Protein chains: 2
Amino acid sequence: MFDDESSPRRSAGSSTKPGSQSALRRRNELRVTEQLLRGGPATQAELSRLTGLSTATVSNIVKSMQQAGLVTLTATTSSGRRAHSVRYIGDSSIAAGIDFGRSHVRVVLANRSYQVVAERQIPLPLGHDATVGIAAAAKLLDELLVEGGISRSSLVGAGAGIPGPIDRRTGKVIQGAILPEWVGINLHERLKSALELPVFIENDANLGALAQITWGAYSAVPNLVFVKIGTGIGAGLIVNGSLYSGSIGVTGEIGHLTINESGLICRCGNRGCLETVASTATMIQLLSRDKSHPMDAEDIVRHAKAGDSTTLRVLEDAGTAVGRALATISNLMSPDVIVIGGPLATLGELLLSPIRRGLLRHAVPVVGENTTLATSSLGPRSEALGAVSLVFQSDPAKQTT
Amino acid sequence: MFDDESSPRRSAGSSTKPGSQSALRRRNELRVTEQLLRGGPATQAELSRLTGLSTATVSNIVKSMQQAGLVTLTATTSSGRRAHSVRYIGDSSIAAGIDFGRSHVRVVLANRSYQVVAERQIPLPLGHDATVGIAAAAKLLDELLVEGGISRSSLVGAGAGIPGPIDRRTGKVIQGAILPEWVGINLHERLKSALELPVFIENDANLGALAQITWGAYSAVPNLVFVKIGTGIGAGLIVNGSLYSGSIGVTGEIGHLTINESGLICRCGNRGCLETVASTATMIQLLSRDKSHPMDAEDIVRHAKAGDSTTLRVLEDAGTAVGRALATISNLMSPDVIVIGGPLATLGELLLSPIRRGLLRHAVPVVGENTTLATSSLGPRSEALGAVSLVFQSDPAKQTT
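Residues numbered from 1 in each chain as written. Chains lettered and ligands numbered in written order. Predicted model: local features only at pLDDT ≥ 70, side-chain atom pairs only at ≥ 80, totals over all residues. Heavy atoms only, no water.

What about the overall build of chain A?
1) Next: On a plain count of helices and strands, chain A comes out with 14 helices and 15 strands.
2) Next: Taking 21 Å as the expected radius of gyration for a compact globule of 401 residues, we find that chain A reaches 24 Å, a close match to that expectation.
3) Next: Taking the principal axes of the C-alpha coordinates as reference, chain A spans close to 85 × 50 × 45 Å.
4) Next: Across the 401 residues of chain A, 57% fall into the buried class. (Helix = DSSP H or I, 4+ residues; strand = E, 2+ residues; numbered from the N terminus. Rg over C-alpha atoms; globule rule 2.2 N^0.38 Å. Buried < 20%, exposed > 50% of the residue type's maximum accessible area, 1.4 Å probe, protein only.)

Okay, structure coming up:
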């Protein structure tokens with residue numbers, strides 16, 4: 001979701017029309033920047049030749065970039081004549097990525113080279129409301145800036161993810177979120193006024209998907225599905241190399257695929273949804289039945305790795321159901337890669353095996369055989385990293401000029 | 001396509017420098033032309049939205065194209081308002097659209113203004129092999145050319161659809177097709193050598209989807225699903241305004257979504273797939289049990305319209321199951337519109353009502369409520385019309401210059 005412009009398709013009347021003068025100017029500036037990043041320092045005459053822009057246009061652009069502190073000019077000689085070499089001194093832009101969870105908030109600061117410069121996660125009470133979560137994120141962000149000696153002015157924006165659907169038309173959290181206390185609030189507005197920054201909001205699974213193609217191993221994969229198995233189950237879709245948002249921004253809701261028509265009642269109001277048989281919440285409930293203390297997701301990981309047969313059986317059943325849902329996604333969208341994230345991802349093959357069995361059992365054969373299944377290597381950072389990407393991808397031209 | 005990067009990079013000395021006003025104007029004109037060629041007739045408001053150009057810019061361009069005899073304007077209504085539909089009439093190219101069915105082949109010839117100039121369908125024996133089908137299509141195409149007085153040299157290509165998945169990597173028909181005799185043949189190669197034309201192959205449901213956004217009422221809809229309910233059930237997906245092909249070209253296989261884990265064996269090798277409960281083949285089987293002569297799809301339509309309670313019950317059960325599958329698509333992709341095609345589409349609300357009930361019952365509420373459900377208005381022509389669009393979309397720039 002773009003800042004202040006929820007639906008860029010409809011933005012024909014905005015000031016950045018593709019065919020307008022200002023857009024033309026922006027494109028020309030971007031072309032000079034790209035040339036400097038790709039080709040290193042160059043004189044204005046060389047830049048003109050390399051970009052195809054007139055020397056007058058290059059001169060104007062270089063002047064404004066110099067004023068913005070993006071380039072320096074140093075005296076040199078070119079073809080025996082005195083000239084100035086234009087050198088891009090990068091930018092010190094920092095983006096914040098915020099991951100709101102059911103009982104935590106994580107903030108990551110990273111630069112445009114996709115390097116994390118500061119990062120911390122703190123616990124929040126279960127059932128906290130949005131005001132508490134947003135205040136905690138704002139405080140954590142300020143602390144990280146101070147500790148890292150980072151100027152607030154270098155922050156170009158904040159991306160944030162929450163475990164629940166967001167209506168891209170309104171910026172509001174929709175019924176069905178893992179954070180029921182947040183439903184109905186306009187997260188975009190609230191966070192923007194708390195942070196005093198451009199803010200970009202997305203569903204957490206969507207950010208996980210974005211992280212896979214920006215920070216992860218799959219930058220060249222056109223069609224990818226990221227599935228987060230946690231208290232809820234959601235998927236983010238990368239379609240033709242970009243995050244897919246559908247008509248209202250609520251996509252990848254595989255947690256509410258009907259697995260058992262007369263199964264348990266789901267928080268979405270339906271019955272027998274995938275979440276009711278395969279979320280970590282369901283697994284914990286099943287495994288805690290004869291325990292004095294309820295387990296958590298880390299216990300599932302520990303017990304499974306230790307070979308506990310009950311835990312493995314629960315994982316088997318849940319994984320098979322997830323695989324069946326993934327077969328449905330695959331039959332519909334034929335993705336190249338499906339990446340599994342969430343707290344169980346560290347189980348690797350222990351988790352992937354039952355999922356793969358479910359997938360191959362229910363997918364059209366040629367589709368199942370051609371879908372690569374893997375666990376995420378980004379761990380619990382993936383949502384916050386994806387939120388950073390959301391900021392840098394939102395409008396790179398605007399932020400570099 | 002306003003990208004300046006593609007070629008003029010080195011053309012610093014030419015008169016159409018990428019940054020100049022005349023180049024900008026030309027790029028904008030090209031963009032409107034391409035949209036009309038690829039997307040068919042559209043109103044100026046739609047053109048503005050689809051190209052990202054301002055309404056004023058589009059208006060100026062359309063005016064000059066009209067003066068040059070490249071477009072015609074005809075009165076229409078759009079969203080209840082009077083408007084003019086802009087239609088490109090700039091060249092005499094003809095494309096052939098071929099629809100191979102289980103027991104028919106249909107050929108349509110149309111020009112670049114998206115007007116049908118000749119059309120015919122002939123029956124073929126059930127179980128005919130590919131050689132018979134291809135020869136029949138080639139003969140029909142030749143007859144239509146002669147009857148229409150159309151020069152073969154004006155044919156720019158042929159598009160063809162078959163009711164089955166096609167592996168886009170090889171051009172071969174994949175196991176699971178409604179035409180089992182065609183599995184494994186390279187339809188692309190065979191048709192190309194029979195017709196001596198550039199050939200473009202697609203699954204029939206994909207062509208139905210493409211027809212909806214080119215010939216149908218949905219030219220401005222970014223995300224659309226076309227569902228063909230016939231002997232098999234398949235879906236074509238329009239994502240961000242284009243036909244979506246996934247990693248191997250096999251997408252929208254909702255006919256093989258598991259509805260009943262221990263249901264009937266499906267031709268795909270799985271059990272309880274949607275097709276085993278909701279295809280016209282299944283309905284016919286259910287309704288023919290106590291009949292001396294087996295029914296066909298037209299009988300279902302006739303009996304349902306006459307109010308036959310048994311037929312309506314069978315439609316109710318099948319429709320609800322289809323709706324459940326559409327809820328899954330909607331939860332994943334949140335399309336703006338779902339269009340139902342196939343021989344039952346003429347039933348209108350009699351078919352849509354149970355489908356809508358299944359959709360709303362199983363979809364995440366905000367998604368179900370925001371998905372428009374409709375029957376196709378293109379009738380049995382939609383696949384052949386989509387095949388025509390496939391040709392004109394393949395490389396419009398190359399074919400007009």
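Topic: the nonpolar core
1) Next: Ranked by internal contacts, the top residues of the largest apolar core, which has 82 residues, are Leu326 of chain A together with Leu326 of chain B.
2) Next: The residues contacting leucine 326 of chain A, other than those within four sequence positions of it, are Val227, Ile254, Ile338, Ile340, Ile355, Leu359 and Leu373 of chain A. (Core = buried A, V, L, I, M, F, W, Y, C linked by side-chain atoms within 4.5 Å. Contact = heavy atoms within 4.5 Å.)

So, the interface of chain A and chain B
1) Next: Contact with chain A, which involves 59 residues of that partner, is made by 60 residues of chain B.
2) Next: For the pair chain A and chain B, the summed buried surface comes to about 5,200 Å²; carbon and sulfur atoms form 51% of the total.
3) Next: Our enumeration of links across chain A and chain B arrives at four salt bridges.
4) Next: A salt bridge links glutamate 261 of chain B to arginine 361 of chain A, with the nearest nitrogen and oxygen atoms 3.7 Å apart.
5) Next: One can count 25 residue pairs in polar contact (both at pLDDT 80 or more) joining chain A with chain B.
6) Next: Elements supplying a minimum of two residues to the side of chain A that touches chain B: helix H1 (21-39), helix H2 (44-51), strand S12 (233-239), helix H10 (309-333), helix H11 (349-362) and helix H12 (365-369) of chain A.
7) Next: It is H1 of chain A that provides the largest number of residues to the side of chain A that touches chain B, a total of eight residues. (Buried area = accessible area lost by both parts, 1.4 Å probe. Salt bridge = Lys/Arg side-chain N within 4 Å of Asp/Glu carboxyl O. Polar contact = N/O pair within 3.5 Å; in protein donor to acceptor, adjacent residues only side chain to side chain.)

Here's the deal with unusual backbone geometry
Residues and elements named next belong to chain B.
1) Next: The backbone phi angle of glutamate 196 is positive, close to 55°, even though this residue is not glycine.
2) Next: Judged by relative accessible area, glutamate 196 falls into the exposed class, the value being 66%.
3) Next: With phi around 45°, serine 334 is a residue other than glycine that occupies positive phi space.
4) Next: Within the fold, serine 334 resides in the loop between helix H10 (309-333) and strand S14 (337-341).
5) Next: On the basis of relative accessible area, serine 334 is assigned to the buried category, the value being 1%.

Quick look at the confidence of the model for chain A
Residues and elements named next belong to chain A.
1) Next: Summing up the model confidence of chain A, the mean pLDDT is 87 and the portion of residues at 70 or higher is 91%.
2) Next: Low confidence marks residues 1-18, where pLDDT is under 50. Its contacts with residues over four positions away, or in another chain, come to 46 contacts.
3) Next: This model gives residues 396-401 a pLDDT under 50, and the stretch forms 17 contacts once residues within four places in sequence are excluded. (pLDDT = per-residue confidence, 0-100.)

Describing the packing of helix H2 (residues 44-51) of chain B against helix H3 (residues 55-67) of chain B
Think of two packed helices as two axes; the pair is described by the angle between the axes and how far apart they sit.
Residues and elements named next belong to chain B.
1) Next: Contact pair H2 / H3: the axes reach a minimum separation of 9 Å and the direction vectors enclose 115°. Taken as a pair, H2 and H3 cross one another with a handedness that is right-handed. Of the residues in H3, those touching H2 at Gln44, Leu47, Ser48 and Thr51 are Thr55, Val58, Ser59 and Val62.
2) Next: Split by residue class, the contact of H2 with H3 holds three nonpolar, five polar and no charged. (Axes fitted to C-alpha atoms, helices over the stretch in contact; angles between N-to-C directions. Left-handed = near helix turned anticlockwise from the far one by under 90°. Nonpolar A, V, L, I, M, F, W, Y, C, P; charged D, E, K, R; others polar.)

Comments concerning the sheet that holds strand S6 (residues 116-123) of chain B
All names here are of chain B.
1) Next: Taken in spatial order, the five strands of this open sheet run S6-S5-S4-S7-S10, and their pairing is mixed. Edge positions in the open sheet fall to S6 and strand S10 (199-203), since each of these has one partner strand only. On average, adjacent strands in this sheet sit at an angle of 15° to one another, irrespective of strand direction.
2) Next: Of the strand pairs in this sheet, strand S5 (residues 104-111) and S6 are connected by seven bridges, and their pairing is antiparallel. Across the sheet, residue valine 105 finds its bridge partner in S6, namely isoleucine 122.
3) Next: Set on the sheet, helix H4 (residues 130-148) makes contact with strand S4 (94-100), S5, S6 and strand S7 (155-162); between it and S5 the angle comes to about 35°.
4) Next: With respect to the sheet, helix H6 (residues 204-214) is in contact with S7 and S10, its orientation differing from that of S10 by roughly 100°. (Pairing = 2+ DSSP bridges.)

Focus on the packing of H10 of chain A against H11 of chain A
Residue and element names in this part refer to chain A.
1) Next: Running from amino to carboxyl end, H10 crosses H11 at an angle of 45°, the nearest separation of the two axes being 6 Å. One way to sum up the angle between H10 and H11 is to call them oblique. When the axes of H10 and H11 are compared, the crossing they make is right-handed. Residues Leu312, Leu315, Glu316, Gly319, Thr320, Val322, Gly323, Arg324, Leu326, Ala327, Ser330 and Asn331 of H10 touch H11, and the partners they reach there are Leu350, Leu351, Pro354, Ile355, Arg357, Gly358, Leu359 and His362.
2) Next: Tallied by class, the residues present in the contact of H10 with H11 amount to ten nonpolar, seven polar and three charged. (Parallel < 35°, antiparallel > 145°, perpendicular 65-115°, else oblique.)

A word on the packing of aromatic side chains
Two aromatic rings, taken as a pair, are described by how far apart their centres are and by the angle between their planes.
1) Next: Within the structure shown, the criterion is met by four aromatic pairs over all chains.
2) Next: Here the aromatic residues Tyr114, Trp215 and Phe392 of chain B are joined through ring pairs into a cluster of three or more. (Phe/Tyr/Trp six-rings, centres within 6.5 Å; stacked < 30°, edge-to-face > 60°.)

Let's talk about the environment of valine 337 of chain A
1) Next: For valine 337 of chain A, the location among the structural elements is in strand S14 (residues 337-341).
2) Next: Considered as a pair, valine 337 of chain A and leucine 385 of chain A are 48 residues apart in the sequence and their alpha carbons are 19 Å apart.

Here we look at the environment of arginine 190 of chain A
Residue and element names in this part refer to chain A.
1) Next: Its location among the elements puts arginine 190 in helix H5 (residues 187-195).
2) Next: Look at arginine 190 and you get partly exposed, because its relative accessible area is 33%.
3) Next: The sequence separation of arginine 190 and threonine 372 amounts to 182 residues, and the corresponding C-alpha distance is 39 Å.

Looking at the pairing of strand S12 (residues 233-239) of chain B
All names here are of chain B.
1) Next: Judged by how many residues are buried, S12 sits mostly within the fold: seven of seven residues are covered.
2) Next: By the alternation rule, side chains of S12 split into Ile233, Ala235, Leu237 and Val239 and Gly234, Gly236 and Ile238, which are all buried.
3) Next: The hairpin turn running from strand S11 (residues 224-229) into S12, its antiparallel successor, is three residues long.
4) Next: Bridging between S12 and strand S13 (residues 242-243) involves two bridges; their strand directions are antiparallel. Within S13, the residue paired with isoleucine 238 across the bridge is leucine 243.
5) Next: Linking S12 back to S13 in an antiparallel pair, the connection comprises two residues, with asparagine 240 at a positive phi of about 50°.

A few points about the sheet that holds strand S1 (residues 42-43) of chain B
Residue and element names in this part refer to chain B.
1) Next: With antiparallel pairing, the three strands of this open sheet are ordered in space as S1-S3-S2. Across the chains shown, the open sheet's two edge strands, defined by having one partner strand only, are S1 and strand S2 (71-78).
2) Next: Here S1 runs beside strand S3 (residues 81-88); their pairing, made up of two bridges, is antiparallel. Within the sheet, the bridge partner assigned to alanine 42 lies in S3 and is valine 86.
3) Next: Across the sheet, H3 touches S2 and S3, and the angle it forms with S2 is around 130°.

Comments concerning helix H13 (residues 382-394) of chain B
1) Next: Compared with an ideal rise of 1.5 Å per residue, which puts 13 residues at 18 Å, H13 of chain B spans 18 Å between its outermost C-alpha atoms and is within 8% of the ideal.
2) Next: A large share of H13 of chain B lies buried, amounting to eleven of its 13 residues. (Expected span 1.5 Å × (residues − 1).)

Some points on helix H11 (residues 349-362) of chain B
Residues and elements named next belong to chain B.
1) Next: With 14 residues, H11 should cover 20 Å at 1.5 Å per step; its first-to-last C-alpha distance of 19 Å lies within 8% of that length.
2) Next: The complete set of buried residues in H11 reads Leu351, Leu352, Pro354, Ile355, Gly358, Leu359 and His362.
3) Next: Of the surrounding elements, those touching the buried residues of H11 are S11, H10, S14 and strand S15 (372-375).

As for the domain arrangement of chain A
All names here are of chain A.
1) Next: Annotation of chain A at the domain level lists domain 1 (8-88), domain 2 (94-206 + 384-400) and domain 3 (217-377).
2) Next: Each of domain 2 and domain 3 has a C-alpha centre, and the two are 25 Å apart.
3) Next: Between domain 2 and domain 3, the contact holds 14 residues from the first and 18 residues from the second.
4) Next: In total, domain 2 and domain 3 occlude about 1,300 Å² of area from one another, counting both sides; carbon and sulfur atoms represent 51% of this.
5) Next: When the area that domain 2 buries against domain 3 is broken down by residue, the three leading residues are Arg168, Ala205 and Asn206, summing to 40%.
6) Next: Viewed at the interface, domain 3 and domain 2 are joined by one salt bridge.
7) Next: The partner of lysine 228 in a salt bridge is aspartate 204, with the nearest N and O atoms 2.8 Å apart. (Domains from an automatic or database assignment.)

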